[in-house]
Structures are given as C-alpha cells and as structure tokens.
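Descriptive structure summary
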Amino acid sequence: MGNPFKKNLRSGLFYAAVVASICFLMVFLIWNKYVKSLEENEQEQLQMQGDFIAQKIGRSIHTDIQSLENLKGRIEETNGEYFDYWEYDAQNILSQNPAYIFIEWIDSTMIIRKIEPKEGNEAALNLDISNIEYRREEWLRHAADSSTNVTPWSEMTQGGKAFLVDAPVYYDGRFQGTITAGLDFTQHFDRMLMGMEDYAVEIHDEEGSLFYSHNQPAESSLKEGQVFTHQYDVDPGDAQVWTLHLMPSSGAVSPRYNLEGLVWLVLGVLISLLLGVLTYYFLRLSQETKRIGEFNEKLVATNQALDIEREKEQKASRSKTDFISTMSHEIRTPLNAIIGLIYLLRESDLAAKEADLLDRMEFSSKNLLSLVNDILEVDKIESGKTVFKEEVFLPARELEKVVKVFRPEFERKGLFFNMEADGNDNYKVVGDPGKFNQIVTNLVRNAYKFTPSGGVVIRLKTSVEGKSARVNLEVSDSGIGIPEEKVKGIFDRFSQVDSGVGRKYEGTGLGLSITRQILDLMNGEISVESREGEGSTFKVHMQYPLAEPETAKETESDANHRIEFPGASVLIAEDNAMNVFILKQMLDTMEIKSTSVEDGKAAVECLKKEQFDLVLMDIHMPEVDGFTATRQIRKMNINTPVVALSANVTREAIEQANSVGMQDYVTKPFNRERLIEVFNKFL
Ligand code: ADP
C-alpha cells in the first residue's frame, strides 16, 4: 500500500499540470490567431498599397510613352508638316517630363539625325543604329508594323543607362523614321513614392535588370505573401514585361513583434502557470479538508465510544463508592457503640486488670475506627466530595484540643508531649477546623507510634501577611526516624518504611497520603526532615484568610467550657437502640435529663406535648425522617434547637439540614467531646 500523502501529492501535481497545459494551449491558440490576423492585416495593407502604387506607376509609364506617341501623332496627322517643329515639341516634353533624358530622330536609314538636347548627346548624333546588335532587328520589326518599341534597360552610347522608346512615323505614304526617346523613370518614381517609408519597391525589366528601387527591402524576414508583384506589358509585340515588387522595407516596424502583443503573451503564460499552481493548492486544500473531515468523524465516533465507556466506568465507580461508604457507615455505627460502651465501663469501678483490658480494647477500637475513617476519607478525596467548612477558629486552640486528647496516651507510654506556640497564637482564621485537626492528629499519631522513647514537640508559628495568616506547624519527635532513601515515598498511598511480614507498627500507609491530599486541596504544603535513629520533623504550611475581628464569631465560646448541665432536658430521636443507650448513658454523666423516641413522627408528637432544651435528631429513621420531622416542628412554631445526628457527611446533607431549620450537625460516630461542644453551645 502506497503512502496516501505521496499519492495525493502526485495526483495534485498531475491535475495542476493538466490545467496549466490546457491554459498554455489556449494562450498559444489565441496568440497564434492574433499573429495570423496581424499577418492578414499586413497582407491586406500590402495588397492595397501595391495596387495603388502599381496603378500610379503604370499610369505614369503609360503617360510618359504617350507623350512621345502624341508627338508622332501630330507629325503623321499633319503629313510631315509638323516635323519641322518637333524639336520645339521635344524640348517641351523634356522640360515637363523628368523621365525623359533625350529625344532623337532616327531616319529610315537608321541614322540618328537629330537629338535633343544636343548637349551631352553629341556622341549619339549621326550614329548608325543598324550597327547596334540589339537595336537593328527590333527597330525594323516595329518600323514595319508601326508599333511603339521599348528596348531593355541598356547602356547608352553617350553614357548612362536608359530605356529607348521608338515611335515609328509614317507620312507621304511611307515610313520616314522613328522618334526615339531615352527614358529613365528614377526621378519620376522617386517623386511619386516620396514619404512612403514602410515599403520598398523594385522594378525589373524582362531581362531581370533592376532599373528602379525605392528603400531597402526587409529581406531577412520576408515570407511568401509579403511581396506584392505586378507586371506591366510595356511592349506586347516583343512580349516585353516589367515586374514591380512591393514589400515591407527594412525600416518598417513589423506589427507582429509589437510590445503589446508580447506583453499579453507573457501575461498569458504567467496566468497559466498561476492557474496551475492555484489548482494544485486548491486540490491539496480540498484533500486536506476531506482528510480532516474524515478524521473528525473518527474522532466523534471515538468520543462517543469513550463517553459510553466513561459512563460505564462512572456507574461502576459510583457503585464501588456507594458500597464502600455504605459498608464504612455500617461498620462505624457498631464501632461507635463499642467505644461508647468502653467509655461507660471506664466510668464504673474496675479492677486494675479489667481496666488494662479495657485500655487495650479502646486502643484497638480506635485503631479500627481510624482505619474506617481513612478509607472513607480516601473515597471522599477520590470522588471529589471533600467539603471544606468555613468557620472561624483559633488554630492554637484546636492544637490544644489535640494535645489534650493525646496527652494521656503519651503519658502511659512514658513519653513527653509538649506544645510550643509563638506569641502570635491569638489570630482567628476562617477555615475548616475539622480538617486542621485531622492533619495535626495524623502527624501526632505517627509521632506517637514511631517514638519508643523521648517524646514529641508541636510548634506553632503564625505570621500575618495582609489579610491572611500563614500557619506553620512542626511536629518533632525523637523516634526511629526514616531512612534517607524512603523519605521521598512516605507521602504516597500505602507506603510504609516497615512493610515486611514481621512489621512492628500497625497502620495502613494511608495517613500521610490523606494529609498531603487535604493540604493540596487547601494550597498548603507538607515536608519532612528525618534521620534514622534520631527522629523526624514534619513541617506543614497553611494559609487561611484572617477573620474580621468585629464579625468574627468563634465556633466555640471561649469561656464557659462546661461538662455538666444540670436541669437541661434533651429529646433523642434515634431508631438504633444501642446508640440511644450510649447517648442516654453519656447524658446521664452530664446530668442531662433525656427522653427518647424511635422515629420522626413520635418526635413531633412528643414536642407538641412537652418542652425540651435541645433535640438530637437522627436523619435516617423509619416512617418520618429527621429532615421532614424538623420541617414539621418549625411549621408548628416550635423553636427548640435541633441538632442532626448522621453518618452522612456530604455537603448536600449538611446544607439540607440547615435549610430545614436544624442548628448544627454532628457526624456519627460522635464522641463525648463533640457532644460537650454542642451542649455548651445550646444548653
Ligand atoms: P501509617 O502510619 O498508617 O503506616 P502513614 O501514611 O501515616 O501510614 O505513614 C507512612 C509511613 O511513614 C509509616 O508507615 C512510617 O514508616 C513512616 N512515618 C510516618 N511518620 C513517621 C515518624 N514520625 N517517624 C518515623 N516514620 C514515620
């Protein structure tokens, strides 16, 4: 199979050559026609001029000979009387007619008896022409029949060349002699042809002697048809014929080669070439357009196939995501119950051994919970569902909370755990405190996990740049450190330094990758400096807009951080009995009076009858769900604060809760701290 591009190129060139050739041919034919018409015109002109000149010259020859015949006539008519005056007549003819050189009288004995003008012609006087070979016979023949004789172009005895014209004269009943004239038409014809520069004229006698020429003929370029010929029958008796040739002179401008014609020819050739080139490019363009069209069609088909594939993939991904999130939620609910129960057990009096078992149980449960949370987080990031809240918070305060939660664990392990903040730690920023906590928690949990002795220090530095705060966080530990060659990969998903079968540390290898992805979404940065055996320092940079001091309203009230709320009453609407049990137990420890119902409908009914300080409303309930129930409550003008309890953490769910009139949103599994936060806000 040939290269289609070369094939197209060749066919393009072929068609271009055909078009150019056809144009060349047309130009040539037009040019040829044009030249032919010029030639025809030239010939017509030549013919016209020739006819005109030939007639003029013929008439003049005739008139010249006629003057001599008139003289002869006068002598014959007067029966010789006029002969005495012929010299007078001859002089008249000579003076009036430039063709006449001399006129003489040759008597019947062939002797030249008289000659006019005498001067210069003395040598001819008394000449016996019977001795001149070419004269005798001819002269006698014409004398016999009385017809005018014209000799060829001949040398004269007295010098010079001339035609001799003999007019035989008869009177007294016999031949007396001839009146003979020497004629040279040069002067006469010159005068006639004066000013005619484009043509040359040549006249030859019957012997081929050129006796008259006007201008030089353009011999080199003369063709047949470019020469006009005319013959004069000057002496029919002797079959004497003179031939006139008229042709373009060497000085004439030949119209065939005029500039205008040549310009058109060159222009025609150039236009042909141009049309060839244009045809070539036009064909190339249309081929290209066709090719692009075909390509586009293929592209559209591929896109459609891709769309179908993408849709399939999205469907598969959606079902995968749905499966993961459903499973994770389902796992989290009982897990939450286990952690809640552990908390409740811890509150009761326990023996040291049982307390230790409980600690281990709590540790494993929390590990499992963080694993499930990590999986959910990865899923959220991958499906682009990560939601960033915009709340006013104090980074230093959030950090303190994390420290507070972790400190007991560090102490149990015999590690120190310090927090150092610069003086700038009272800037309130706008952002998602939950995500901030998540980042810090991940780093602190790792530091805790990989530090067998010594401890961990968290440093917080805040600097203000215009309207934003740059929060720099460092988590330094004196742990096992990371080998140099592994440092680069630890932010990748599932990467662990110690990943063999007998590994010492638990974990999924997801924490740092999640941390970096969250920071990427926040335009933040994370880096690590580490030495194996000496410890590691993780550095995080985050940028937050500064909260306006006047309008800033912190998520959590600075003061009044209570953990007991005596006299407060809370309605729990939740269908999961275990959750209800744990919640009630927790509320008991906070001295809160609680009532529970199993669905939304019952919650509405209950609120109609009784007054509560707060409602904890599950979203997914049988009969009437949490959203519908809240809407009904608000319709009834009951203004009790309603806080959603849900495992659904999507932005849509949170926005919907807000729109139906819920005041806050607690995601399951809920811990004691979050509940205390909510109660501090509403009770
Ligand atoms: P996980 O801790 O669940 O294994 P991470 O993504 O949080 O996953 O961490 C990845 C790996 O990076 C860890 O397995 C560990 O090898 C290394 N690492 C993280 N933090 C530290 C630390 N502070 N000191 C030593 N190694 C660490």
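The structure contained in this document is the topic of the report that follows. Quick caveat: nothing in here was measured; it's all calculated off a predicted structure. (Residues numbered from 1 in each chain as written. Predicted model: local features only at pLDDT ≥ 70, side-chain atom pairs only at ≥ 80, totals over all residues. Heavy atoms only, no water.)

Glancing now at the overall build of the protein chain. If you tally the helices and strands in the protein chain, you get 15 helices and 22 strands. Computed over its C-alpha atoms, the radius of gyration of the protein chain comes to 68 Å, more than 25% above the 26 Å expected for a compact globule of 683 residues. When its C-alpha atoms are laid out on the principal axes, the protein chain stretches across 195 × 65 × 60 Å. Counting the 683 residues in the protein chain, one finds 43% classified as buried. A separation of at least 24 residues holds for 67% of the contacts in the protein chain among residues at least 6 apart in sequence. Only carbon and sulfur atoms are counted for the fraction: they give 54% of the accessible area of the protein chain, which is about 37700 Å². In the protein chain, the 74 positive side-chain charges and the 105 negative ones have mean positions that sit 17 Å from each other. (Helix = DSSP H or I, 4+ residues; strand = E, 2+ residues; numbered from the N terminus. Rg over C-alpha atoms; globule rule 2.2 N^0.38 Å. Buried < 20%, exposed > 50% of the residue type's maximum accessible area, 1.4 Å probe, protein only. Contact = heavy atoms within 4.5 Å. Areas by Shrake-Rupley, 256 points an atom, 1.4 Å probe, with all protein chains shown as cover. Lys, Arg positive; Asp, Glu negative; His and termini not counted. Charge placed at Lys NZ, Arg CZ, Asp CG, Glu CD.)

The next thing to look at is the pattern of salt bridges. One pass over the structure, following the stated rule, counts 21 salt bridges. With a closest N to O distance of 2.5 Å, Arg113 and Asp107 form a salt bridge. Classification of Arg113 as partly exposed rests on a relative accessible area of 40%. One salt bridge connects Lys401 with Glu398, and the closest N-O pair in it is separated by 3.3 Å. Of the two residues, Lys401 and Glu398 both sit in helix α7 (residues 395–413), 3 residues apart, roughly one turn of that helix. For Glu398, a relative accessible area of 5% puts it in the buried group. A network of salt bridges, in which partner residues are shared, links Glu398, Lys401, Asp664, Arg674, Glu677 and Lys681. (Salt bridge = Lys/Arg side-chain N within 4 Å of Asp/Glu carboxyl O.)

Moving on to the site of the ligand. Close to the ligand lie 19 residues, the nearest being Asn446, Asp477, Gln496, Val497 and Leu512. One of the backbone nitrogen or oxygen atoms of Gly511 is found 3.4 Å away from an oxygen atom of the ligand. Within the side chain of Ser536, an N or O atom sits 3.4 Å from a nitrogen atom of the ligand. Calculation on the ligand without its partners gives an accessible area of 530 Å², and the protein chains cover 96% of this total. Elements supplying a minimum of two residues to the shell around the ligand: α8 (433–449), α10 (511–521) and β17 (535–545). Per element, the largest residue contribution to the shell around the ligand is 3 residues, and it comes from α8. (Near = heavy atom within 4 Å. Polar contact = N/O pair within 3.5 Å; in protein donor to acceptor, adjacent residues only side chain to side chain.)

Across soluble globular proteins, you tend to see nonpolar side chains buried next to one another. Ranked by size, the top nonpolar core spans 45 residues in total, and within it Ile103 and Trp242 carry the most contacts. A per-element tally of this core places helix α1 (residues 4–77) first, with 9 residues. Core analysis: the next-biggest nonpolar cluster, separate from the first, contains 42 residues, Val440, Tyr448, Leu473 and Met522 among them. (Core = buried A, V, L, I, M, F, W, Y, C linked by side-chain atoms within 4.5 Å.)

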